[in-house]
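# Inside the fold
So you can see what is in the structure, the chains are spelled out below.
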Amino acid sequence: MADGMTITIDDRTISAQPGQTVLEAAQAAGIYIPRLCHREGLTPGGACRVCVVLVNGRPQSACTLPVTPGMVVENDSPRMHEHRKRIIEMLFVEGNHFCMFCEKSGNCELQALAYRFGIAAPRYPYQFPRRSVDASHPDIFIDHNRCVLCARCIRASRDLDGKNVFQFVGRGVHKRVGVNARARLVDTDADVSDAAVEACPVGAILKKRVGYAVPVGMRLYDHAPIGADIEAEAKA
Amino acid sequence: MVASNTRRVVIEPVTRVEGHGKVTIQLDEAGKVAQARLHIVEFRGFERFIQGRPYWEVPVLVQRLCGICPVSHHLAAAKAMDRIVGGEKLTPTAEKVRRLMHYGQFFQSHALHFFHLCSPDLLFGFDADPAIRNVIGVAAKHRELAVQGVMMRKFGQEIIRITAGKKIHGTGAVPGGVNKNVSIAERDELLREVDQMLAWSRGALKIAKDYTVEHLEELRDFGSFTSNHLSLVRDDGALDIYHGGLRAITADGEKIFDHVDYQEYLNYIMEEVRPWSYMKFPFIRSLGPAAGSYRVGPLARINTCDFIDTPEAEAARREFMAVTAGKPNNISMAYHWTRMIELLHAMEKIRDLLHDADLQGTDLLAKGRRRYEAVGLIEAPRGTLFHHYRVNDDDQVVMANLIVSTTNNNEPMNRAVRRVADDYLSGQKITEGLLNRVEVAIRAYDPCLSCATHAMGQMPLKIDLLDSAGNLLDTRSKGTA
């Protein structure tokens with residue numbers, strides 16, 4: 001710990017290493033900062049705002065902010081809880097998320113966040129946007145209805161697959177994930193084994209013909225809420 | 001066109017059926033019934049909005065049609081998708097797990113209908129005060145029956161949970177098989193209840209039988225009419241609610257067709273659209289729309305099958321057939337008796353399956369040559385259920401046609417309503433008891449109106465606005481000229 005420092009998260013002092021983000025330092029100490037667009041192995045994106053914490057009183061995305069000595073971070077407080085709930089609810093109303101028949105149910109990070117935050121129904125009106133599906137690829141199914149614009153697929157394709165299959169197109173409410181071809185995924189060099197396919201936190205990019213292979217009761221979040229694994233390490 | 005000086009009697013909502021329906025009875029100037037109709041006013045649209053969805057999603061998606069017998073839709077769609085992936089020859093474990101799921105659902109659905117929806121009519125009489133003629137009244141006066149109803153439903157739901165993952169809207173059946181088997185612990189959990197459930201099933205059958213036999217003279221004509229009957233039967237003619245060929249018989253028992261491969265159902269069954277209902281009217285093609293309507297469900301199944309392959313239900317079937325000297329029974333109210341024969345049959349099957357070691361097998365999936373079109377058929381608690389899909393090269397559903405059980409019984413329910421109206425309403429004062437007889441007749445068919453109105457964009461809708469004297473004030477049409 002030659003170059004170590006300490007920071008404070010919710011009145012708890014933890015040690016941190018230079019170069020770590022606030023989210024990484026917290027996780028190493030067994031503190032779960034909720035996140036959606038963050039994924040280990042990918043360049044931090046700061047896209048979803050679910051991980052926003054107050055750092056010395058100012059809102060910052062924990063996944064992109066490097067630690068500095070003596071930082072005071074507010075993460076698990078009633079007002080941050082409420083703030084995140086609203087962001088997650090907005091993600092739900094912005095797309096067409098029908099958990100009841102989505103094959104990602106039980107393994108979906110967005111759904112798991114909603115359960116963790118006790119969201120029964122969003123307080124905002126559903127937007128019901130008209131979105132398309134792309135079933136052209138023989139092994140990959142894209143359902144834009146469920147896309148949360150987290151950019152995980154974009155980063156994974158670029159940084160891990162070295163392919164650049166996906167890219168954002170459009171602006172504002174018209175922003176969506178486009179593919180590196182005229183229109184269809186089948187015309188790109190996407191492959192079902194790509195890290196980009198695995199990276200999707202929701203049911204927007206799916207391996208075809210997998211469906212509901214994992215029975216209810218054996219899915220990722222059937223028994224413990226999202227983040228419980230990180231918190232369990234702290235207790236151990 | 002509605003003539004002036006006619007009276008219109010509207011019964012809305014029809015209670016103690018699943019979903020919402022509306023009945024109108026049109027009287028002529030002499031006060032006789034001119035017309036009686038069961039209107040279906042709900043509107044769903046599943047056939048349209050599953051277009052574009054990947055085929056493996058369909059069994060989980062379409063079961064959302066209903067919260068009462070979602071397993072029927074789950075399995076009918078799965079059977080169609082089995083053929084899409086070329087896996088229609090299921091592994092023994094997959095077929096038995098699915099059958100167990102289906103029998104569990106039959107058990108809970110039939111128990112729910114008998115104990116909670118229809119028993120108030122049978123126990124208290126059609127003319128009893130509606131304030132006690134309901135499930136709360138049953139609970140107060142016949143506490144043990146109300147409790148049995150709840151516990152039997154629970155047992156069926158536990159079977160569904162164990163085979164499908166959830167009590168409602170599970171994911172167990174996947175194209176080509178199932179996603180889980182039944183563990184020893186799960187099996188033992190169910191086995192503990194088997195004897196009690198069998199005993200209660202026998203008791204329920206006895207109530208239904210005794211009621212029907214005691215009231216036979218009154219019931220023989222109550223909402224009754226002759227009709228054809230349709231159901232799946234096994235290759236050897238046995239009752240089989242999971243798989244088989246289509247058999248249709250006339251009211252006298254003559255076979256219209258037999259052991260028809262249901263992939264060819266369109267050659268045998270057609271659907272007629274009538275502008276006043278969201279629900280279509282299916283009929284047997286060779287007989288035409290006027291003579292070709294048919295009944296489905298418990299009564300039709302017991303009428304069409306040659307025998308039942310479980311001993312207690314078979315003995316009960318023989319007793320039932322003896323009432324009509326072996327000929328098909330066309331009494332609407334006989335549905336209740338046959339429903340309880342099936343309840344006992346389902347329970348006997350559940351018992352036998354739970355002792356079958358194949359339930360613990362690990363070979364869950366079959367696969368073969370990919371197809372682009374398939375039909376899945378199953379006998380749902382309320383009758384024959386048709387699911388027909390076309391899937392494109394990209395694995396997306398491009399066409400879906402569903403003929404649900406209650407839709408098959410559309411014309412029969414209208415006929416039952418007409419018959420009751422003819423016998424009890426014409427020229428008489430309208431009493432609660434009379435009105436309830438219309439509902440009792442409909443309820444015999446255990447209609448599930450929510451899932452029967454799943455079509456979209458094809459159904460013409462006409463709304464007539466009438467004043468209290470029955471004069472037509474305004475009319476509006478949608479979807480057709």
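Residues numbered from 1 in each chain as written. Chains lettered and ligands numbered in written order. Predicted model: local features only at pLDDT ≥ 70, side-chain atom pairs only at ≥ 80, totals over all residues. Heavy atoms only, no water.

## Focus: the overall build of chain A
Each helix and strand counted, chain A has six helices and ten strands in total. Its C-alpha radius of gyration of 18 Å places chain A within 12% of the 18 Å reference for a compact globule of 236 residues. Summarising its shape, the C-alpha atoms of chain A cover approximately 50 × 40 × 35 Å along the three principal directions. The buried share of chain A, reckoned over its 236 residues, is 50%. (Helix = DSSP H or I, 4+ residues; strand = E, 2+ residues; numbered from the N terminus. Rg over C-alpha atoms; globule rule 2.2 N^0.38 Å. Buried < 20%, exposed > 50% of the residue type's maximum accessible area, 1.4 Å probe, protein only.)

## Observations regarding the overall build of chain B
The helix and strand inventory of chain B stands at 17 helices and 16 strands. When the 481 residues of chain B are sorted by exposure, 62% land in the buried category. When contacts within chain B are restricted to residue pairs at least 6 apart in sequence, those whose partners lie at least 24 apart make up 69%. Total accessible area on chain B is roughly 17,600 Å²; 52% of this is exposed by carbon and sulfur atoms. (Contact = heavy atoms within 4.5 Å. Areas by Shrake-Rupley, 256 points an atom, 1.4 Å probe, with all protein chains shown as cover.)

## What about the packing of aromatic side chains?
All chains considered together, the criterion is met by twelve aromatic pairs over all chains. Aromatic pair Tyr335(B) and Tyr445(B): ring centres 4.6 Å apart, planes at 50 degrees, arrangement tilted. Placement of Tyr335(B) in helix α13 (residues 334-354) and of Tyr445(B) in the loop between α16 (432-444) and α17 (449-452) is noted, with a sequence separation of 110 residues between them. Judged by relative accessible area, Tyr445(B) falls into the buried class, the value being 2%. Among the aromatic side chains, those forming a connected cluster through ring pairs are Phe141(A), Tyr55(B) and Trp56(B). (Phe/Tyr/Trp six-rings, centres within 6.5 Å; stacked < 30°, edge-to-face > 60°.)

## So, the domain arrangement of chain A
Residues and elements named next belong to chain A. Structurally, chain A comprises domain 1 (5-76) and domain 2 (85-207). Measuring from the centre of the C-alpha atoms in domain 1 to the corresponding centre in domain 2 gives 25 Å. On the side of domain 2, 20 residues touch domain 1, which itself brings 16 residues to the contact. Both sides of the domain 1 and domain 2 interface together cover about 1,300 Å² of buried area, and 65% of this is carbon and sulfur. Among the residues of domain 1 in contact with domain 2, Leu-36, Arg-39 and Leu-42 are the three that bury the most area, contributing 44% of the side total. Here domain 1 is connected to domain 2 by zero salt bridges. (Domains from an automatic or database assignment. Buried area = accessible area lost by both parts, 1.4 Å probe. Salt bridge = Lys/Arg side-chain N within 4 Å of Asp/Glu carboxyl O.)

## Some points on the pairing of strand β10 (residues 281-284) of chain B
Residue and element names in this part refer to chain B. Residues of β10 alternate between two faces, with Phe-281 and Phe-283 on one and Pro-282 and Ile-284 on the opposite face, all of them buried. Pairing between strand β9 (residues 269-272) and β10: four bridges, direction antiparallel. If you follow Met-270 over to β10, its bridge partner there is Phe-283. (Pairing = 2+ DSSP bridges.)

## Considering the sheet that holds strand β13 (residues 383-391) of chain B
Residue and element names in this part refer to chain B. As summarised here, the arrangement of the three strands in space is β12-β13-β14, forming an open sheet in which the pairing is antiparallel. The open sheet is flanked by β12 (373-380) and β14 (397-403), the only strands paired with a single partner. Neighbouring strand axes in the sheet, compared pairwise and without regard to direction, differ in orientation by 15 degrees on average. Pairing of β13 with β14, which is carried by six bridges, proceeds in the antiparallel orientation. Considered in β14, the bridge of His-387 is made with Leu-402. The strands touched by helix α3 (residues 70-84) are β12 and β13; relative to β12, the strand with the most contacts, the crossing angle is about 150 degrees. (Axes fitted to C-alpha atoms, helices over the stretch in contact; angles between N-to-C directions.)

## So, the nonpolar core
By size, the foremost hydrophobic cluster in this structure holds 117 residues, and its most contacted members are Phe155(B), Met333(B), Ile341(B), Ile350(B) and Tyr389(B). For this core, the element with the highest residue contribution is helix α4 (residues 92-124) of chain B, accounting for 13 residues. Residues contacting Ile350(B), with those up to four places away along its chain left out, are Leu100(B), Tyr103(B), Gly104(B), Phe107(B), Phe155(B) and Ile159(B). Counting 42 residues, the second-largest nonpolar core is a separate cluster that includes Phe166(A), Val179(A), Val202(A) and Ile230(A). (Core = buried A, V, L, I, M, F, W, Y, C linked by side-chain atoms within 4.5 Å.)

## Quick word on the interface of chain B and chain A
Listed by partner, the interface residues are 18 residues for chain B and 19 residues for chain A. Buried surface at the junction of chain B and chain A, summed over both partners, amounts to about 1,600 Å²; 60% is from carbon and sulfur atoms. Linking chain B with chain A are four salt bridges. Measuring nitrogen to oxygen at the nearest pair gives 3.4 Å for the salt bridge that ties Lys208(A) to Asp395(B). Tallied by class, residues from the side of chain B that touches chain A come to six nonpolar, five polar and seven charged. (Nonpolar A, V, L, I, M, F, W, Y, C, P; charged D, E, K, R; others polar.)

## Here we look at the pattern of salt bridges
Inspection of the entire model under this criterion finds 55 salt bridges over all chains. Residue Asp194(A) is joined to Lys163(A) by a salt bridge in which the shortest nitrogen-to-oxygen separation is 2.8 Å. Of the two residues, Asp194(A) is situated in the loop between β9 (176-179) and α5 (195-199) and Lys163(A) in the loop between α4 (152-160) and β8 (166-169); the sequence distance between them amounts to 31 residues. Its relative accessible area of 8% is what places Asp194(A) among the buried residues. By relative accessible area, which is 22% here, Lys163(A) ends up partly exposed. Where Asp423(B) meets Arg419(B), a salt bridge forms, and the shortest distance between an N and an O atom there is 3.0 Å. With Asp423(B) and Arg419(B) both in helix α15 (residues 410-425), this residue pair falls four residues apart, about one helical turn. Judged by relative accessible area, which is 36%, Asp423(B) ranks as partly exposed. The exposure class assigned to Arg419(B) is partly exposed, which follows from its relative accessible area of 26%. When salt bridges that share partners are traced, they join Asp139(A), Lys208(A), Arg209(A), Arg370(B) and Asp395(B) into one network.

## Quick word on a nonpolar patch on the surface
Residues and elements named next belong to chain A. A grouping of Phe-98, Met-100, Tyr-126 and Phe-128 is seen on the molecular surface, where their side chains present a nonpolar patch of about 420 Å² in accessible area. Here Phe-128 lies in the loop between α3 (109-116) and β6 (133-134). Its relative accessible area of 55% is what places Phe-128 among the exposed residues. (Patch = residues over 30% accessible without salt bridge, like charges linked within 9 Å, V, L, I, M, F, W, Y side chains within 5 Å.)

## Notes on unusual backbone geometry
Here Phe128(A), not a glycine, exhibits a phi torsion of approximately 40 degrees, which is positive. At His259(B), a residue that is not glycine, the phi angle is positive and equals roughly 50 degrees. Checked against the element boundaries, His259(B) lands in strand β8 (residues 255-260).

## Here's the deal with the confidence of the model for chain B
Residues and elements named next belong to chain B. Mean pLDDT over chain B stands at 86; residues scoring 70 or higher make up 85%. Here residues 450-468 is a poorly scored stretch, pLDDT under 50, and it has 74 contacts once near neighbours within four places are set aside; other chains count. In this model, residues 471-481 is a region of pLDDT below 50 whose contacts with residues beyond four sequence positions or in other chains number 27 contacts. Both confidence scores are given for the complex: pTM 0.90, ipTM 0.92. (pLDDT = per-residue confidence, 0-100.)

## Observations concerning the environment of Phe320(B)
Within the secondary structure, Phe320(B) sits in helix α12 (residues 311-323). Residues in contact with Phe320(B), not counting those within four places in the same chain, are Leu299(B), Ile302(B), Asn303(B), Asn329(B), Ala334(B), Trp337(B), Thr338(B) and Ile341(B).

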